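Below, each chain spelled out in residue letters.
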Amino acid sequence: MKKRAILFQSIFCLLFSATVSAQFPPGAEVAINPMSVDPATYLDRIKLPPGFKISIYASNVVAARSLALSPGGVLYVGSRWDDRNSQPGKVYAVVDKNGDYQADEVLTIASGLNMPNGVALHDGDLYVAEVNRITRYGDIDSHLTSPPAPVVINDGYPNDFMHGWKNIAFGPDGRLYVPVGAPANTVEPDADHGIITSIKPDGSDKQTLARGVRNSVGFDWHPLTGELWFTDNGRDLWGNNQPPDELNHVTKAGQHFGYPYRYGKGLVDDQFKTTLTDADFTPAALEFPAHNATIGMQFYTGKSFPEQYQNQAFIAAHGSWNRAEPDGYRIFVVNIKDNEAVGYDIFASGWLTEEKKFWGRPVDFAILPDGSLLVSDDFANCIYRISYEN
Ligand SMILES: [Ca+2]
Ligand SMILES: [Ca+2]
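None of these values were measured; they are calculated from a predicted model. (Residues numbered from 1 in each chain as written. Chains lettered and ligands numbered in written order. Predicted model: local features only at pLDDT ≥ 70, side-chain atom pairs only at ≥ 80, totals over all residues.)

Engineer: Can you walk me through the overall build of the protein chain in this structure?
Structural biologist: Tallying secondary structure elements over the protein chain gives 2 helices and 27 strands in all. Scaling as 2.2 N^0.38, a compact globule of 390 residues should have a C-alpha radius of gyration of about 21 Å, and the protein chain matches this with 20 Å. Along the first, second and third principal axes, the C-alpha set of the protein chain runs to 70 × 50 × 45 Å. Of all 390 residues assigned to the protein chain, the portion counted as buried reaches 45%. Of all intrachain contacts in the protein chain linking residues separated by at least 6 positions in sequence, the fraction that spans at least 24 positions is 52%. (Helix = DSSP H or I, 4+ residues; strand = E, 2+ residues; numbered from the N terminus. Rg over C-alpha atoms; globule rule 2.2 N^0.38 Å. Buried ≥ 20, exposed ≤ 12 C-beta atoms within 10 Å, placed from the backbone. Contact = placed C-beta atoms within 7 Å.)

Engineer: Got a minute to help me understand the sheet that holds strand β17 (residues 255–256) in this structure?
Structural biologist: Strand-to-strand pairing in sheets goes through backbone hydrogen bonds, with the strands running parallel or antiparallel. Taking strand neighbours across the sheet as the criterion, the 5 strands line up as β10-β11-β12-β13-β17 in an open arrangement whose pairing is mixed. Looking at strand neighbours, the two that pair on one side only are β10 (169–170) and β17, the edges of this open sheet. Here strand β11 (residues 176–180) pairs with strand β12 (residues 195–199) via 5 bridges, running antiparallel. Residue Val 180 lies in a different strand from β12, and its bridge partner there is Ile 195. (Pairing = 2+ DSSP bridges.)

Engineer: Sorry, what's going on with the sheet that holds strand β2 (residues 64–69) here?
Structural biologist: Sheet architecture is open: 4 strands sit in the order β2-β3-β4-β5, paired in antiparallel fashion. Sheet topology places β2 and β5 (105–113) at the edges, where each strand pairs with a single neighbour. Averaged over all neighbouring strand pairs, the angle between strand axes comes to 20°, with direction disregarded. Looking at chain direction, β2 and strand β3 (residues 75–79) are connected through 4 bridges and run antiparallel. When the bridges of β3 are listed, Ala 64 appears paired with Ser 79. (Axes fitted to C-alpha atoms, helices over the stretch in contact; angles between N-to-C directions.)

Engineer: Is there a simple way to think about the domain arrangement of the protein chain in this case?
Structural biologist: Taken as a whole, the protein chain is organised into domain 1 (1–30) and domain 2 (31–388). Spacing between the C-alpha centres of domain 1 and domain 2 amounts to 28 Å. (Domains from an automatic or database assignment.)

Engineer: Got a minute to help me understand the pairing of β11 in this structure?
Structural biologist: Successive residues of a regular strand alternate their side chains across the two faces of the sheet. Burial analysis of β11 places 5 of its 5 residues in the buried class, the great majority of the element. Inspection of the sheet shows β10 paired to β11 by 2 bridges, in the antiparallel sense. Its bridge partner lying in β11, Phe 170 is registered against Leu 176. Taking the residues that link successive antiparallel strands as the turn, the β10-β11 hairpin has 5 residues, and the phi of Gly 174 there is positive, at about 80°.

Engineer: How should I be thinking about the environment of Leu 69 in this particular structure?
Structural biologist: With respect to the helices and strands, Leu 69 occurs in strand β2. Each C-alpha atom of the pair Leu 69 and Val 363 lies 15 Å from the other, and the pair is 294 residues apart in sequence.

Engineer: Sorry if this is basic, but what is going on with unusual backbone geometry here?
Structural biologist: Phi is mostly negative for residues that are not glycine, and the peptide bonds are mostly trans. Residues Gln 242 and Pro 243 are joined by a peptide bond in cis, for which omega reads -10°. Take Pro 243: it is sitting in the loop between β15 (228–232) and β16 (245–249). Each neighbour pair has its own omega, and for Tyr 259 with Pro 260 the value is 0°, a cis peptide bond. Within the secondary structure, Pro 260 is located in the loop between β17 and β18 (262–263). You will see that Asn 311, though not glycine, has its phi angle at about 60°, which is positive.

Engineer: What am I meant to see in the confidence of the model for the protein chain here?
Structural biologist: Do not read the predicted coordinates in detail wherever pLDDT is low. For the protein chain, the average pLDDT comes to 92, and 92% of its residues sit at 70 or higher. This model gives residues 1–28 a pLDDT under 50, and the stretch forms 17 contacts once residues within four places in sequence are excluded. (pLDDT = per-residue confidence, 0-100.)

Engineer: I tried to follow the environment of Met 35 on my own but got confused; where do I start?
Structural biologist: Along the chain, Met 35 falls in the loop between α2 (25–28) and β1 (52–59). Overall, Met 35 belongs to the exposed group, with 12 C-beta atoms counted inside 10 Å. In the structure, Met 35 is positioned 130 residues away from Trp 165 in sequence and 25 Å away in space, judged by C-alpha atoms. Those residues in contact with Met 35 that lie beyond four places of it in its chain are Lys 357, Phe 358 and Trp 359.

Engineer: What's the story with the environment of Arg 136 in this structure? I'm lost.
Structural biologist: Position of Arg 136 among the secondary structure elements: in strand β8 (residues 134–137). C-alpha of Arg 136 to C-alpha of Tyr 329: the two residues are 193 residues apart in sequence and 32 Å apart in space.

Here you go:
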């Protein structure tokens, strides 16, 4: 009896501390077994396919999240916080002045923002997504040292902190796509949560493209079809090996991608009753291992990687926090054939050591004009460059 009480207490404490971590991220969203190292000294641990090389493009980019590269070659970087103990975040501009693929300047474009995770560029203007609002910084490349005051184009998004940080990007239709995550681990979201929306560049005409999305922090449009594909993270606190993380494929507006009733290709979470049936849900196009935290994604449209990577999707697995043995901390490449995701390979790994400690967490991508791939890391506070050297 006493043993049972202790066991119950331990489980309760574990669940409680995990829930607290889930609800109060900045300081508390600490995955298991972090190790702080100079990433430059650990790069030789990264495993890549033959012929590929990784280097540091920029260091000291604190909490580097979403990436957007301007036609002028300036890399804009969002973040969720300034450091692990303070929530307001910064937006950076990373400049490689002499074209040697090593940044010479990391400038702060804006600071004190409400988790400015998302950045996007359109007609020379920088768009920044905070939790509840989208702002625009006009003609940004020309004003790196004296950025203009931001213009608020939409402040009508929910202000929930949980899953409120956003990836944003302009679609082939010229609209800005803005997700709104579910405001908890598992909850039946109202019409304003668990969705992917789009707005015009002036912030007007909000439309909802997809529902049943728990927390997408990565999406991109297929270069040939122009259709949206997005990552989504499965729920926490449901064991070490379920539910799967997801890659999803939007084939028409209004599709429901399952949350909180279904995960992956059809795993049922019956804690919520619904009159919706399997036919009402769009299953994931591809499943990834649970808790890998698949976030940033990028179709490869560069020219320097081998032919097999053309139009394939790179996906960053940020790495687990809610799993007994850490997993993730790597980059997948998804094989998309005839508009179907047929499988994935591990493209880059090694941020998780053999002792199951992690020293880096990949987040998002950008493609340089030479075809090399930039990768942000919000734990090692840097931007990597992966190139194909033959
Ligand atoms: Ca340089
Ligand atoms: Ca789903």
